[in-house]
Amino acid sequence: MLGLLKSDLYRIFNPNRLRGEFFGCFVALVIIIGGALGFTAFMLSRASTGSGLVTSQDAAELASEFNLALVHPSAFLGSILLDGAILNIVTMFGVVVVACTDFRDGFAKTLMQGYGRATYFLEKIVFNAIWTALVLLAACLIAIAFAAILRFPLSLDEDPLHLFAWLALTWLGLWTLTLVALAIAVLIRRTGAVNVAIIFIGAGAISGFFDLFAELCRVFSEFKLGASSMYAAAGSFAELLPTNLISRLALGSHVLFEPATTPGLALPGGLATQALLGFCIVALFSIAIILTKGPKREY
Amino acid sequence: MYAIQTHDLTKIYGKKHAVDHLNMTVHEGDIYGFVGNNGAGKSTTMKMIAGLASPTWGEIELYGQLIGAHPARGNAGGVNATQTHHVGALIEEPGVLKAHSAFDNLMMKALAIGVINPKEHCRDLLKLVGLADTGSQPAKKFSLGMKQRLGLALALVGTPDLLLLDEPFNGMDPQATRDMRQALVRLNRERGVTIVISSHVLDQLNRMATRYGVVRDGALVREITEAQVHESCGSSVRIKTADPARTLATLEERLPGANLRALPDQAISISLPSLVPAASAPAAPAASATSSSSATDPAPAAQAVEHISRILHDADQVVLELSVTERDIEDYFVELMGTPAPK
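One structure accompanies this document, and this report is about it. Fair warning: this is a prediction, and the values are worked out from it, not measured in the lab.

## Quick word on the overall build of chain B
- Along the backbone of chain B there are eleven helices and 15 strands.
- For chain B, the proportion of its 343 residues judged to be buried stands at 53%.
- Put simply, 65% of the contacts in chain B that link residues at least 6 apart link residues at least 24 apart.
- Of the roughly 15,100 Å² that chain B leaves accessible, carbon and sulfur atoms contribute 50%.

## Thoughts on the packing of aromatic side chains
Residues and elements named next belong to chain A.
- Here the structure, examined in full by the defined rule, presents twelve aromatic pairs over all chains.
- An angle of 55 degrees between the planes, with centres 5.1 Å apart, marks the rings of F13 and F22 as tilted.
- Across the ring face of F127, the terminal group of K124 is positioned such that the distance to the ring centre comes to 5.9 Å.
- Above the face of the F103 ring, R189 is positioned so that its terminal group lies 5.5 Å from the ring centre.

## A closer look at the sheet that holds strand β7 (residues 87-90) of chain B
Residue and element names in this part refer to chain B.
- Here six strands make up an open sheet; going across it, the order is β7-β8-β9-β4-β10-β11 and the pairing mixed. Both outer strands of the open sheet, β7 and β11 (219-225), are each paired with one neighbouring strand and no more. Taken pair by pair, the neighbouring strands of this sheet meet at an average axis angle of 15 degrees, ignoring direction.
- Relative to strand β9 (residues 194-198), strand β8 (residues 162-166) is paired through five bridges, and the arrangement is parallel. Bridge pairing in β9 places D166 opposite S198.
- Sitting on the sheet, helix α7 (residues 226-233) touches β10 (211-216) and β11, and the angle it makes with β11 is about 90 degrees.

## Quick look at the interface of chain B and chain A
- Each side of the interface is counted separately: chain B has 41 residues, and chain A has 31 residues.
- Across the chain B/chain A interface, buried area totals approximately 2,700 Å², and carbon plus sulfur atoms make up 50% of it.
- Where chain B touches chain A, the interface holds one salt bridge.
- A salt bridge links D105 of chain A to K98 of chain B, with the shortest nitrogen-to-oxygen separation between them at 3.5 Å.
- Contributions of two or more residues to the side of chain B that touches chain A are made by β1 (2-13), α1 (42-50), β7 and α2 (102-113) of chain B.
- Looking at the side of chain B that touches chain A, the element that brings in the most residues is α2 of chain B, giving nine residues.
- Grouping the constituent residues of the side of chain B that touches chain A by class yields 22 nonpolar, twelve polar and seven charged.

What counts and what doesn't
- In this numbering scheme, every chain counts its residues from 1 along its sequence in written order.
- Chains carry letters and ligands carry numbers; both start at the beginning, A for chains and 1 for ligands, and go up in the order they are written.
- Confidence filtering applies because this is a predicted model: local features only for residues at pLDDT of at least 70, side-chain atom pairs given and counted only at 80 or more, and all residues used for totals across whole chains, interfaces and linings.
- Computation of side-chain values covers all heavy atoms of the structure but excludes hydrogens and water.
- Put simply, DSSP H or I for four residues or longer makes a helix, DSSP E for two residues or longer makes a strand, and each gets a number counted from the N terminus.
- Only protein chains enter the accessibility calculation, which uses a 1.4 Å probe. A residue is then buried if its area is under 20% of the maximum for its type, exposed if over 50%, and partly exposed in between.
- For this analysis, residues touch if any pair of their heavy atoms sits within 4.5 Å.
- Per-residue and other accessible areas were derived by the Shrake-Rupley procedure at a 1.4 Å probe size, with only the shown protein chains allowed to occlude residues.
- To pair, rings of Phe, Tyr and Trp, with the six-membered ring standing in for Trp, must have centres within 6.5 Å; the planes then decide the type, stacked if under 30 degrees apart, edge-to-face if over 60, and tilted in the middle.
- Whether a charge sits over a ring depends on NZ of Lys or CZ of Arg being within 6 Å of the ring centre and within 35 degrees of the ring normal.
- A pair of strands is labelled paired if DSSP reports no fewer than 2 bridges between them.
- Helix axes are fitted to C-alpha atoms over the stretch in contact, other axes to C-alpha atoms as well, and angles between N-to-C directions run from 0 to 180 degrees.
- Accessible area that two parts lose when put together, with a 1.4 Å probe and added across both, is what the buried area reports.
- Counted as salt bridges are all cases of a side-chain nitrogen of Lys or Arg within 4 Å of a carboxyl oxygen of Asp or Glu.
- Throughout this entry, Asp, Glu, Lys and Arg are counted as charged residues, while Ala, Val, Leu, Ile, Met, Phe, Trp, Tyr, Cys and Pro are counted as nonpolar. The remaining residues, Gly among them, count as polar.

Dropping the structure here:
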């Protein structure tokens, strides 16, 4: 399996005319993060002058929110990278491009000859973890670099252990999403349909649906129309979904110490435990799909 | 040792038996020509051997090791991790990453299987298949023949012990085909690589194969050696007499070791190659036409006919027909491919 990992790393870092998938991802991150921070800087400058396309009230609100984000590195990184589902979609797309290209071009069967189908998919699961770490690291460095270039007053005042825990959970959450993406690619195997599914899932459409359902159950239960237990179940389920958890992590490391948000499910350790539990459940479910369905197909 | 043995290998898609209780044996060091019509089950069989598809029933042994079996007997996921011999395959379309160059494609596979000095190995393979000049050109710009050559190179990465090649010469020009064929034969002779190769171009197979397996409707019709094919397809003398039974007995006595066959129309066929040792020995004091022939020289058709004619004359046989027939290897295989598999 180590050989398969070396092969995938060679591929994503192929410098030959920058064909490696990582370079494409890096360029996309530079454009998106640079664009987001550049626009923020533009808005903040308009807030101080009070003129132009933005009203001074909107600019002041943005400045207030952004200044809160600048208090801790995790809050800054979370607001830029996680709040708009940027990293969700970029990391998911990265693994799907590799997997779907392997299936479409038939390269999967070239590699499976040496290792077998099950080992191929096992390697992809491990590779996703490495890919997620690389993308997260690159995104953080790009964000910090742009913050320095645009002279944002970013504070570095944060407990290193808290920052590390936040980064670890963020990595785990993003890795879980890549496993979901790979499971979808294994099941569907049509690039177009997989890409659409990833956008929906990465942007939080599925968790949004369950949030809405849980909210409806809550409303019914308030009017004593039953559904209180359904609200607890649906609400807990929605709060354990990776995209919901990642959007909470966008606020920074301090949320790890807040109480869990699962209605009717008391979790010791608060949101940190909730995130760990949610990511692990979805990751294991996705791994089960990948390892049972993937090797059964023919290549 | 056998490189490949299959026992009752079966693959069912819906109601169709793509492979039907196939019992195939490939000896180590063979170049095994896999012959059959389109849809006969050749590619499916190769996929199962390569671990790219799971059998519905039956077993596959590679070098004595069980690698694929019905789920009830375990190991049905096509997991090849415990294999001690390396398999390379080119089945159906070559699996290449179109956005990457030929060299990068080879490097990725070389790294995956742990080749030592992968760069040098890949450059050598590119030279072998005639793609050394492609540089950084992405594979999506290759012609069909170039993609096929790259697929062949990918199958050769890591110098496999067993090569499974499904129509490997598709799209290749005659020069490239000859070069590839010679390279494969060299690999077989110098390194003992076992090759299973399917092709519709029987002429190509005829120049390489040491053994043939003929499949029809998913089942193996016959397994024959190269010598047996030439035996069956080579020149033969056709004899028809008034007393076929007595003629047959006479010929068996006077031509020991000759390959005699009784035909449905009461004629007798004698394989010419099998007449070589018999024709060179004196059959009777009066029949000395070919006695001066060296045992190592093939019996010319005319001499063989003369020799047989003298034998029959000496035995007072009335000859109704005596002729030399040639059989095309293609006709032979086409006939076999139309033959139902034995139950």
